[in-house]
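Summary of the model geometry
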Amino acid sequence: MSPEHSGDVTGAALQLRGVTKRFGSFTAIEDISLTIEPGEFVTFLGPSGSGKTTTLNCIAGFEEVTAGEILLGGNSLTSLPIHKRNLGMVFQGYALFPHMTVEKNIAYPLKQRKLPRAAIARDVAFALETVGLTEFKDRMPTQLSGGQRQRVALARAICFGPPLLLMDEPLSALDKALREQLQLEIRRIHRELGTTVVFVTHDQDEALALSDRIVVFDKGRIVQIGTPRELYQNPENVFVSEFVGESVMIAGSYADGEFSTEAGRFSTAAASSSPQWSGPAQMMIRPERIGIAGAEASAPASGDGSGDAVHSVRGVIEDITYVGNAVKYRVGLPGGGGIVRSQDIGGTVGDIGAPVRLSWNPADARILAREDA
Amino acid sequence: MRKSRIALYAFCVPVALWLVAPTLVVIPLSFTADRSLAFPPREFSWRWYESFFSSSQWLGGLLNSLQIGLLVAIIATVLGTLAAYGLSRVSGFRKTFSNSLLVLPMLVPSVIFGVGLYALFLRMGLVGTLPGFLIAHTMLALPYVVVNVGAVLVSYDRQLERAAWISGASKPKAFLTVTVPAIMPGVASGFLFAFITSFDEVIVSMFISNPYLQTLPVRMYSSLQREVDPTIAAAASVIMTITTAAALIAIFARTRRKADT
């Protein structure tokens with residue numbers, strides 16, 4: 001192993017300060033500020049057009065920032081040309097040089113750094129070993145499968161020990177099984193090298209599986225930054241709660257510790273969030289926190305919705321999906337609806353169209369401001 | 001299915017023969033022992049090839065054509081490749097306008113182009129000079145390079161360049177080490193078409209040549225007006241061999257490019 005990447009090497013801290021990018025009159029990203037710790041694995045998550053890729057391109061240097069500053073290890077990147085930024089990057093379409101062998105592809109960044117031949121051979125061998133492709137070094141890219149190509153691209157991006165590794169939807173061209181396998185490998189390589197990683201994806205499962213922290217983008221802005229668990233359990237707004245994971249949403253209005261809907265009134269005294277504001281709101285409950293039963297089942301104690309006991313509401317099954325270890329019910333409710341997940345224990349609570357009763361612990365409900373209202 | 005295939009051949013083979021037969025007639029003519037261009041030749045002989053390769057005028061013309069053709073191919077390939085690369089990253093009016101401008105020499109009748117160039121070259125003292133030929137032929141050859149390189153650039157993955165930049169290569173270095181090898185098939189066929197364009201060109205060359213500097217086609221044309229001697233058939237066969245070889249290489253490079261993608 002070379003001294004540049006002997007396992008305990010850590011990446012550099014990345015700081016974005018008020019980064020803004022405009023294309024003519026269109027603002028792609030506005031006032032993006034965040035700090036990524038050395039060695040941290042951070043995912044930019046958002047739908048297409050949310051600004052996550054533009055932000056990545058600004059870090060890489062493919063786009064010039066309109067305003068703001070990007071610092072890597074305390075030094076400004078913004079004024080450096082792309083080839084002097086010393087970054088590793090893995091692209092969605094692999095971007096392997098088609099006229100070079102696997103070995104030459106990986107050696108390319110080392111050659112640009114004018115390393116002696118022995119050092120290049122050593123670093124290429126190390127990178128090949130890291131991605132498990134040593135016996136493929138003489139192949140051309142066209143002779144490799146998609147997964148192998150992306151491993152070569154990964155080897156090319158890490159062989160020179162970059163302080164920051166950028167990954168632009170690197171797995172989206174691969175099938176599900178291969179994607180999960182490569183996710184594990186990316187995590188292992190990140191642990192071994194200790195480099196800072198910025199990973200862009202629109203796939204929430206991928207973001208939840210890989211990241212130390214997730215930055216959620218929407219309409220050119222950051223809407224929330226947090227660990228996967230924080231985003232799932234405590235989304236700060238409707239967008240994040242809908243984009244990260246499934247949920248049941250009920251529309252209503254909120255005032256003074258009480259959430260009112262067509263279906264009744266619910267006290268939020270025990271809820272995980274009891275906000276200070278009042279106005280149109282959504283109540284959100286995650287699918288695994290909700291019980292589902294046939295409508296004729298007796299309502300749990302104090303089913304009128306007040307007090308600290310279990311909350312419940314009546315609805316209708318709109319769709320049923322069997323997912324192996326569980327059954328997912330899409331349930332329509334007065335003023336909302338959503339997904340409920342139930343352990344598959346043989347029986348069913350009813351067919352499509354059947355009335356059901358949903359119930360949950362008040363502590364598991366979350367009140368979010370309604371943006372569209 | 002089989003019947004329609006036979007019908008296809010029955011139609012296409014005669015058409016193909018019809019297209020090339022007049023050209024192919026020249027080859028047996030060049031091997032005649034007679035002093036006139038009689039077809040079919042009665043006796044086989046190499047004498048007109050001897051006459052061609054021992055005449056300083058004919059051989060000189062061939063060497064001039066080869067020299068001009070190679071230099072034009074090099075200049076047009078470099079300029080045309082850069083032009084096509086530049087055009088691949090602009091759009092809208094600028095692209096359409098520059099593209100039409102570059103392809104214009106293909107569309108303007110050669111006589112008009114030749115007259116205009118002659119008037120200009122006369123004032124600049126470029127008639128009958130190597131630079132004069134290089135300028136004129138490069139203009140004519142440029143569209144072929146732009147079109148050929150432009151065609152491969154359409155399917156060129158721009159991410160390759162980004163990958164090279166982020167790997168530490170400056171923009172010129174990335175262009176030479178990644179872009180050029182990736183678009184090589186188009187560059188190579190552009191080079192060959194540029195060579196053929198210059199090597200075959202007669203009308204414009206007539207205007208800008210003088211007795212001191214003639215290309216082979218010009219020499220052939222002027223010899224036709226004075227004497228009709230089978231040396232011209234030998235000369236034509238030499239030109240045909242060279243251009244056919246170049247064209248075949250270009251076609252081969254193209255089909256390989258298609259097979260690769």
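Each value, and the rule that gives it
- Residues numbered from 1 in each chain as written.
- Chains lettered and ligands numbered in written order.
- Predicted model: local features only at pLDDT ≥ 70, side-chain atom pairs only at ≥ 80, totals over all residues.
- Heavy atoms only, no water.
- Helix = DSSP H or I, 4+ residues; strand = E, 2+ residues; numbered from the N terminus.
- Buried < 20%, exposed > 50% of the residue type's maximum accessible area, 1.4 Å probe, protein only.
- Contact = heavy atoms within 4.5 Å.
- Areas by Shrake-Rupley, 256 points an atom, 1.4 Å probe, with all protein chains shown as cover.
- Core = buried A, V, L, I, M, F, W, Y, C linked by side-chain atoms within 4.5 Å.
- UniProt positions renumbered as here; feature names shortened; annotations may be inferred.
- Pairing = 2+ DSSP bridges.
- Axes fitted to C-alpha atoms, helices over the stretch in contact; angles between N-to-C directions.
- Buried area = accessible area lost by both parts, 1.4 Å probe.
- Salt bridge = Lys/Arg side-chain N within 4 Å of Asp/Glu carboxyl O.
- Polar contact = N/O pair within 3.5 Å; in protein donor to acceptor, adjacent residues only side chain to side chain.
- Phe/Tyr/Trp six-rings, centres within 6.5 Å; stacked < 30°, edge-to-face > 60°.

**A word on the overall build of chain A**
Along the backbone of chain A there are 8 helices and 20 strands. Seen along its three principal axes, the alpha-carbon backbone of chain A occupies a region of about 75 × 50 × 35 Å. For chain A, the proportion of its 373 residues judged to be buried stands at 52%. Sequence separation of 24 or more characterises 69% of the internal contacts of chain A that already satisfy a separation of 6 or more. Element-wise, carbon and sulfur atoms account for 49% of the exposed surface of chain A, whose accessible area totals about 16300 Å².

**A closer look at the overall build of chain B**
When its secondary structure is counted, chain B shows 12 helices and 0 strands. Sequence-ordered secondary structure for chain B, helices as α and strands as β, is α-α-α-α-α-α-α-α-α-α-α-α. Principal-axis analysis of the C-alpha atoms gives chain B an extent of 70 × 65 × 30 Å. Here chain B, with 261 residues, has 42% of them falling under the buried criterion. When contacts within chain B are restricted to residue pairs at least 6 apart in sequence, long-range pairs at least 24 apart make up 72% of them. Only carbon and sulfur atoms are counted for the fraction: they give 71% of the accessible area of chain B, which is about 14300 Å².

**Some remarks on the nonpolar core**
A general trend in soluble globular proteins is that nonpolar side chains are found buried together. Core analysis: the biggest nonpolar cluster contains 93 residues, and L14, F44, I59, I70 and L166 of chain A have the highest contact counts within it. Broken down by element, this core gets its largest block of residues, 11 residues, from helix 6 (residues 130–154) of chain B. Once residues within four sequence positions are removed from consideration, I59 of chain A is found in contact with L14, L16, F44, I70, L77, R85, L87, L164 and L166 of chain A. With 36 residues, the next largest nonpolar core counts L133, A153, F199 and L210 of chain A among its residues.

**Things to note about the UniProt feature "domain: ABC transmembrane type-1" (unreviewed entry) in chain B**
Those residues carrying the UniProt feature "domain: ABC transmembrane type-1" (unreviewed entry) are residues 62–250 of chain B in this numbering. Between the C-alpha atoms that bound residues 62–250 of chain B there is a distance of 22 Å. The span itself is 82% helix and 0% strand.

**Side note on the pairing of strand 10 (residues 221–226) of chain A**
Within a regular strand, the side chains alternate between the two sheet faces. All names here are of chain A. Looking at chain direction, strand 9 (residues 213–218) and strand 10 are connected through 5 bridges and run antiparallel. Along strand 10, the bridge assignment pairs D218 with R221. The hairpin formed by strand 9 and strand 10 contains 2 residues between the paired strands, and K219 there has a positive phi angle of roughly 50°.

**Quick notes on the UniProt feature "transmembrane region" (unreviewed entry) in chain B**
All names here are of chain B. UniProt marks residues 7–31, 68–88, 100–121, 133–154, 174–196 and 232–253 with the feature "transmembrane region" (unreviewed entry), using the numbering shown here. Between the end C-alpha atoms of residues 7–31 there is a gap of 36 Å, over a span that is 96% helix and 0% strand. What you have in residues 68–88 is 95% helix and 0% strand, and the ends, taken at the C-alpha atoms, are 29 Å apart.

**Some points on the sheet that holds strand 10 of chain A**
Residue and element names in this part refer to chain A. Taken together, the 6 strands give an open sheet; going across it, the order is 6-7-8-3-9-10, and neighbouring strands pair in mixed fashion. The outermost strands of the open sheet, each flanked by one partner alone, are strand 6 (88–90) and strand 10. Across this sheet, the average inter-strand angle for adjacent strands is 15°, counted without regard to direction. On top of the sheet, helix 1 (residues 52–60) reaches strand 3 (41–45), strand 6, strand 7 (164–168), strand 8 (196–201) and strand 9; it is set at about 145° to strand 7, its chief contact.

**Quick notes on the interface of chain B and chain A**
With 17 residues of chain B at the interface, the matching set in chain A holds 22 residues. Interface of chain B and chain A: buried area, both sides summed, is about 1700 Å²; carbon and sulfur atoms make up 63% of it. Among the residues chain B hides against chain A, the three largest losses belong to R162, I166 and S167 of chain B. Together they make up 37% of the total. Linking chain B to chain A there are 0 salt bridges. In this structure, the connection of chain B to chain A is made through 4 residue pairs in polar contact (both at pLDDT 80 or more).

**Re the packing of aromatic side chains**
All names here are of chain A. In this structure the tally under the stated criterion is 19 aromatic pairs over all chains. A centroid spacing of 5.7 Å and a plane angle of 40° characterise the contact between F266 and W360, whose relative ring orientation is tilted. Remark: W360 occurs in strand 19 (residues 355–360) and F266 occurs in strand 13 (residues 264–267); sequence separation between them is 94 residues. The class for F266 is buried, based on a relative accessible area of 1%.

**Topic: the sheet that holds strand 1 (residues 14–23) of chain A**
Residue and element names in this part refer to chain A. On the basis of which strands lie adjacent, the open sheet formed by 4 strands has the order 2-1-4-5 and antiparallel pairing. Looking at strand neighbours, the two that pair on one side only are strand 2 (26–36) and strand 5 (75–76), the edges of this open sheet. Sheet analysis places strand 4 (residues 67–72) next to strand 5, joined by 2 bridges and oriented antiparallel. Note on strand 5: the bridge partner recorded for L71 is S76. Sheet strands in contact with helix 1 are strand 1, strand 2 and strand 4, and its direction is about 115° off that of strand 1.

**Section: the pattern of salt bridges**
All names here are of chain A. Under the counting rule described, the total for this entry stands at 16 salt bridges over all chains. For K176, the salt bridge goes to E180, with nearest N and O atoms at 3.2 Å. Note that K176 and E180 are positioned in helix 5 (residues 176–193) at a spacing of 4 residues, about one turn of the helix. Relative accessible area serves as the criterion here: at 56%, K176 is assigned to the exposed category. Since its relative accessible area comes to 41%, E180 is described here as partly exposed. Among the salt bridges present, the one from E192 reaches R188, with a minimum N-O distance of 3.1 Å. Placement of the pair is E192 and R188 together in helix 5, with a separation of 4 residues, close to one helical turn.

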